[in-house]
Amino acid sequence: MMKLKPSLTLDAASIIMDSALTYARAENMLPMTVVILDAGGKMIASKSEDGSGIMRFNIARGKAWGALGMGISSRLIRDRLSARPTFVTSLAAVADGQFVPVPGGVLVLQSGETVIGAVGVSGDTSEKDEYCAITGILGTNFLSEPSAPDEKWR
């Protein structure tokens, strides 16, 4: 029997997820949900804090899924497509509703530009969600895209 060798392991996903949630608690953010997908869009792990709304899982997954699907962060998707609402609607239809084009969907990179997964976070403002995702990724030996959070919310 052959074994698959994942680039983004459950152990690494757990570190990312727990780091993101630890940061959210340290900053007294609203309850968060974190979803981590591999490069093929398969869910590796997810956690929802007590009090996180029931739609937060789908929002976090949609942020991560959209980032993987477009090959760019969900912040960049928002920025590039803000003047193209018809295209955004088309992408949401193609993705069967699993497309949330606001900050909080961050790509996980290994050795430069190789995408090995994505993190989606939802619970507070989109900018705070993104900050938690990036912080979680940078707590590992992986890189993130975007490489730094938008500091405007601080």
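Residues numbered from 1 in each chain as written. Predicted model: local features only at pLDDT ≥ 70, side-chain atom pairs only at ≥ 80, totals over all residues. Heavy atoms only, no water.

Let us now look at the overall build of the protein chain. Within the protein chain, the regular secondary structure consists of five helices and five strands. Ordered by position from N to C terminus, the α and β elements of the protein chain give α-β-β-α-α-α-β-β-α-β. Taken against the 2.2 N^0.38 rule, which gives 15 Å for 154 residues, the C-alpha radius of gyration of the protein chain at 14 Å falls within 12% of a compact globule. Within the protein chain, the proportion of its 154 residues that are buried is 46%. Taking the intrachain contacts of the protein chain between residues at least 6 apart in sequence as the baseline, contacts between residues at least 24 apart amount to 63%. On the protein chain, roughly 8100 Å² of surface is accessible, and the fraction owed to carbon and sulfur atoms is 57%. Across the protein chain, 15 positive and 16 negative side-chain charges occur, with their mean positions spaced 3 Å apart. (Helix = DSSP H or I, 4+ residues; strand = E, 2+ residues; numbered from the N terminus. Rg over C-alpha atoms; globule rule 2.2 N^0.38 Å. Buried < 20%, exposed > 50% of the residue type's maximum accessible area, 1.4 Å probe, protein only. Contact = heavy atoms within 4.5 Å. Areas by Shrake-Rupley, 256 points an atom, 1.4 Å probe, with all protein chains shown as cover. Lys, Arg positive; Asp, Glu negative; His and termini not counted. Charge placed at Lys NZ, Arg CZ, Asp CG, Glu CD.)

Moving on, we get to the side chain of Asp38. Mapped onto the fold, Asp38 is located in strand β1 (residues 33-38). Lys42 provides the closest opposite charge to the buried, unpaired Asp38, separated from it by 4.1 Å. (Salt bridge = Lys/Arg side-chain N within 4 Å of Asp/Glu carboxyl O.)

This next bit is on the nonpolar core. One recurring pattern in soluble globular proteins is that nonpolar side chains are buried together. Counting 25 residues, the largest nonpolar core has Leu8, Val34, Ile36, Val119 and Cys132 as the members making the most contacts within it. Elements represented by at least two residues in this core include exactly α1 (10-26), β1, β3 (105-110), β4 (114-122) and α5 (126-138). Here this core takes eight residues from α1, the largest share from any one element. Not counting residues within four places of it along the chain, the set of residues in contact with Leu8 comprises Ala13, Ile16, Ile36, Leu37, Ile44, Val108, Ile116, Gly117 and Phe142. Core analysis: the second largest hydrophobic core is formed by nine residues, Val35, Ala60, Ala64 and Leu109 among them. (Core = buried A, V, L, I, M, F, W, Y, C linked by side-chain atoms within 4.5 Å.)

Glancing now at unusual backbone geometry. Note that the residue after Glu145, namely Pro146, is joined by a cis bond; omega there is 10 degrees. Following the sequence through the fold, Pro146 ends up in the segment after β5 (143-145). The phi angle at Asn28 is positive, at roughly 55 degrees, despite the residue not being glycine. Checked against the element boundaries, Asn28 lands in the loop between α1 and β1. Accessibility expressed as a relative area gives 67% for Asn28, which makes it exposed.

Moving on to the pairing of β3. Within β3, five of the six residues are buried, which leaves the element mostly enclosed by the surrounding structure. Where β3 folds back on β4, the antiparallel hairpin that results is connected by three residues, among which Ser111 adopts a positive phi of roughly 45 degrees. Alignment of β3 against β5, held across three bridges, turns out to be antiparallel. Paired with Val108 across the bridge in β5 is Ser144. (Pairing = 2+ DSSP bridges.)

Attention shifts here to the pattern of salt bridges. Side-chain pairs of opposite charge can arise where the charged atoms are in close proximity. The full count for this structure, using the stated rule, is seven salt bridges. The partner of Arg78 in a salt bridge is Glu127, and the shortest N-O contact between them spans 3.4 Å. In this pair, Arg78 sits in helix α3 (residues 74-81) while Glu127 sits in helix α5, placing the two residues 49 residues apart along the sequence. For Arg78, a relative accessible area of 28% puts it in the partly exposed group. Among the charged side chains, a salt-bridge network with shared partners connects Arg78, Asp79 and Glu127.

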